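The lines below spell out each chain.
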Amino acid sequence: MGAWSEGLVGGSRRAPSGWHIIRAIARREIGIALRRRHVRLLFLGSLVPPVVFGIILVVRLMAEKAVGVDLGWDPVLRFLQVQVAPVLLLSLGLGTPLVARDRAEDVLYLYAVRPVSPWHYALGKMLAVAGPAFALLLLPGLLIAVLRQGLLPDEVSFADSAILVGRMALAAVFLSLAYAGASVGPSAAVKRARWALLLALALFTVPDSLIELVLGEHAFPIGPAKASESLLSALFEHRDLGGGAVCALVLLLYFVAGSLVTVMRVRTEMRP
Amino acid sequence: MSEPWIEVRDLWLERGGRPVLQGVNAALTGRAVGLVGANGAGKSTLIGALLGVLRAKSGSIRVLDLEIPGGAMHLRTRAGVMAEQAGIFPGGSGVDAVVFAGMLSGLPRRESLRRAHRALDALDMGEERYRPASGYSTGMKQRTKLAMSLVHDPEILILDEPTVGLDPIGRTQFLRLIRELRDQGRHILLSTHVLQDAETVCDEMLLIEGGVVAFSGPVRGLLGAEETLLVAVGAGLDREFAEGLALLGFGEASASGERLTFRPRPDGDLLPFWRLASERGAEVRHLSRDMPTLEDAVVAVMEGGSRGRMERGSRGR
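This is a predicted model, so every value here is computed, not measured.

**Student:** Quick question: what am I supposed to make of the interface of chain A and chain B here?
**Tutor:** Think of interface size as the accessible area that goes away when the parts come together; that is how it is often given. Counting residues at the interface gives 36 residues for chain A, matched by 43 residues for chain B. If you list the elements that add at least two residues to the side of chain A that touches chain B, you get helix 1 (18-33), helix 5 (98-104) and helix 6 (108-112) of chain A. Broken down by element, the residue count for the side of chain A that touches chain B peaks at five residues, all from helix 1 of chain A. Here the residues of the side of chain A that touches chain B are counted per class, giving 19 nonpolar, seven polar and 10 charged.

**Student:** Explanation requested: the sheet that holds strand 7 (residues 156-160) of chain B in the structure shown.
**Tutor:** Residue and element names in this part refer to chain B. Spatially, the six strands line up as an open sheet ordered 6-7-8-3-9-10, and their pairing is mixed. If you trace the sheet from one side to the other, it starts and ends with strand 6 (79-82) and strand 10 (212-218), each paired once. The sheet shows a mean angle of 15° between the axes of neighbouring strands, taken without regard to direction. With five bridges joining them, strand 7 and strand 8 (residues 187-191) adopt parallel strand pairing. Within strand 8, the residue paired with leucine 159 across the bridge is leucine 190. On top of the sheet, helix 5 (residues 138-150) reaches strand 6 and strand 7; it is set at about 165° to strand 6, its chief contact. Packed on one face of the sheet, helix 6 (residues 168-183) meets strand 3 (32-36), strand 7 and strand 8 and runs near 145° to strand 8.

**Student:** For this particular structure, what's the right way to read the confidence of the model for chain B?
**Tutor:** Close inspection of predicted coordinates is inappropriate for parts of the model with low pLDDT. All names here are of chain B. The share of residues in chain B with pLDDT of 70 or more is 94%, and the mean pLDDT across the chain is 87. Here residues 308-317 is a poorly scored stretch, pLDDT under 50, and it has one contact once near neighbours within four places are set aside; other chains count. Confidence estimates for the predicted assembly give a pTM of 0.83 and an ipTM of 0.86.

**Student:** How should I be thinking about the packing of helix 8 (residues 158-189) of chain A against helix 11 (residues 241-269) of chain A in this particular structure?
**Tutor:** Axis angle and axis distance: for two packed helices, these are the angle between their axes and the distance between the axes, and together they describe the pair. Residue and element names in this part refer to chain A. Put simply, helix 8 and helix 11 touch, their axes get as near as 7 Å, and they point 30° apart. The angle between the axes of helix 8 and helix 11 places the two elements in the roughly parallel class. Relative to helix 11, helix 8 is oriented so that their crossing is left-handed. Considered class by class, the residues forming the contact of helix 8 with helix 11 number 18 nonpolar, five polar and one charged.

**Student:** Is there a simple way to think about the domain arrangement of chain B in this case?
**Tutor:** When its domains are assigned, chain B resolves into domain 1 (6-218) and domain 2 (227-290). A straight line from the C-alpha centre of domain 1 of chain B to that of domain 2 of chain B covers 46 Å.

**Student:** How do you make sense of unusual backbone geometry when you look at a structure like this?
**Tutor:** Backbone phi values are negative for most residues with the exception of glycine, while trans is the configuration of most peptide bonds. All names here are of chain B. For the peptide bond that leads from isoleucine 68 to proline 69, omega is 15°, which places it in the cis range. You can see proline 69 is positioned in the loop between strand 5 (66-68) and helix 2 (72-78). Even without glycine at this site, leucine 64 takes up a positive phi of about 55°. Along the chain, leucine 64 turns up in the loop between strand 4 (58-63) and strand 5. Non-glycine residue aspartate 124 carries a positive phi angle of around 60°.

**Student:** Can you walk me through helix 4 (residues 109-122) of chain B in this structure?
**Tutor:** Side chains of residues three or four places apart in an α-helix project in the same direction, reflecting 3.6 residues per turn. Residue and element names in this part refer to chain B. With 14 residues, helix 4 extends 20 Å between its outermost C-alpha atoms, agreeing within 8% with the 20 Å of an ideal straight helix rising 1.5 Å per residue. Every buried residue of helix 4 is listed here: Ser112, Arg115, Ala116, Arg118, Ala119, Leu120 and Ala122. Of the surrounding elements, those touching the buried residues of helix 4 are helix 3 (94-104) and helix 5. Following helix 4 by one or two positions, aspartate 124 has its phi on the positive side, about 60°.

**Student:** Would you mind going over the nonpolar core with me for this structure?
**Tutor:** Side chains of nonpolar character tend, in soluble globular proteins, to be buried together. Ranked by size, the top nonpolar core spans 160 residues in total, and within it Ala133(A), Ala171(A), Leu175(A), Leu231(A), Leu251(A), Val98(B) and Ala147(B) carry the most contacts. Sorting elements by how many residues they give to this core places helix 7 (residues 118-151) of chain A first, with 15 residues. Other than its neighbours up to four places away in sequence, Ala171(A) contacts Leu80(A), Leu137(A), Leu231(A), Leu232(A) and Leu235(A). Formed by 10 residues, the second largest nonpolar core is a distinct cluster that contains Ala232(B), Leu237(B), Leu260(B) and Phe273(B).

What counts and how
Residues numbered from 1 in each chain as written. Chains lettered and ligands numbered in written order. Predicted model: local features only at pLDDT ≥ 70, side-chain atom pairs only at ≥ 80, totals over all residues. Contact = placed C-beta atoms within 7 Å. Helix = DSSP H or I, 4+ residues; strand = E, 2+ residues; numbered from the N terminus. Nonpolar A, V, L, I, M, F, W, Y, C, P; charged D, E, K, R; others polar. Pairing = 2+ DSSP bridges. Axes fitted to C-alpha atoms, helices over the stretch in contact; angles between N-to-C directions. pLDDT = per-residue confidence, 0-100. Parallel < 35°, antiparallel > 145°, perpendicular 65-115°, else oblique. Left-handed = near helix turned anticlockwise from the far one by under 90°. Domains from an automatic or database assignment. Expected span 1.5 Å × (residues − 1). Buried ≥ 20, exposed ≤ 12 C-beta atoms within 10 Å, placed from the backbone. Core = buried A, V, L, I, M, F, W, Y, C linked by C-beta atoms within 7 Å.

Structure (structure tokens):
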């Protein structure tokens, strides 16, 4: 074994900021996830809808010019509704193993002996899911907004595009936070990733099915899937800000609940 | 005498309603301190309390210039911990785990990567560092864990059973490295069951038994606690000779074949022994001190502690 001091003298002496820790945890998890083939495929798959909708937009423009009729169909809402599916799958794939794996491998103590609090840990794992989900919802959406602006300069003003991007960013924030909470929370609740996946799938399906069973088809959304669908409708179709705010609150609750479950779980296990 | 770098006063800590540390007091000044005790004695709990991971019921802890738990986050930045029960951050290679450990201790990614390679180079982790850590041998895991604890150049190194599972060569290399780290000026707390490791590395011992400090002080002091035995070898050193020695004030004399073991008199005078040998016509070919090992000394202290507790328990009943 070689000499130690060379190149290793003078490390950190003050506790790092919470953001530094949270970012380090998220960055590592995203890096590891991107090495898995199915995650890469999902990532690439999620880039397909914006390309398809971009082509649709061009075809629509050409058709309108050819027949001289305004078809009056805006692909943005449909795009976001389609885009939600790969983002949801990616969130489940990324989020459900995160805490379960650390618990199964008994490494939570490794975080405890470093300047990492349970909140840093939980928010780092959340960011590892919410960050890519947010990017996959917003960046292709931005592409569509740019295409609209470029292809339909007479119909779409810059202010329209800016408002559209703002709405998409708002939707992306709430959807990505909810998906992170609903996939990382189950991961903290059980010790095996496959059980976490089942639990997360149940969260996305059971609450809305139950309330529909009780209150009928127009029941208020209480699950993350229906709430995200309703939020998108409220933002891009009905322009119902009140309904949208309530859906955003439901989505935010999933994030808060997922974070709390993770914090409570790791607080009891981050010890010798 | 130098300032203590760990100071614990009347520390009480319960886990699951059971008292684990019961009034621990210690002021550790040694550069390398061996934390020794039986399974369940409270060693890991004490380490957890020192790092502020476990909250004490009462008492105070100061490590370096930091009061714990208030300064726990700063302490954890300045300390490197190699935990026995926890492995390596899962899901990546050895170098990934070391880089991540550095980042969690506050290093920027680029700096952490540079240091991770330096640390792994120094630990002779060649190309293996790029392999998934889940497939590592015990030796490689231990080296990676040590690199994880050292990447940020900590002032304190807390090592929990660092040589477990290592082959003799690996163990020797590891201990040499720990000594090197100690000689560079780092404070080391070595929790171990292997007393030989503690003897090789440490200049001070903290012996925990049943949640209380059974011994705290220099290793020399612990060795001195066990009285030296004398061993004589020769003809005529039989049971009658041993009885004669006992009458002359020598303690615990016992004979076996040509070998006689006895404790010296309180005044250390050996002349009565030689006189008796001369009177009885015994032929003493060899007389030497039977120096106790650290293991003997620790076992003696721990047995003394157990006896004391049992006696206290029976008196209580």
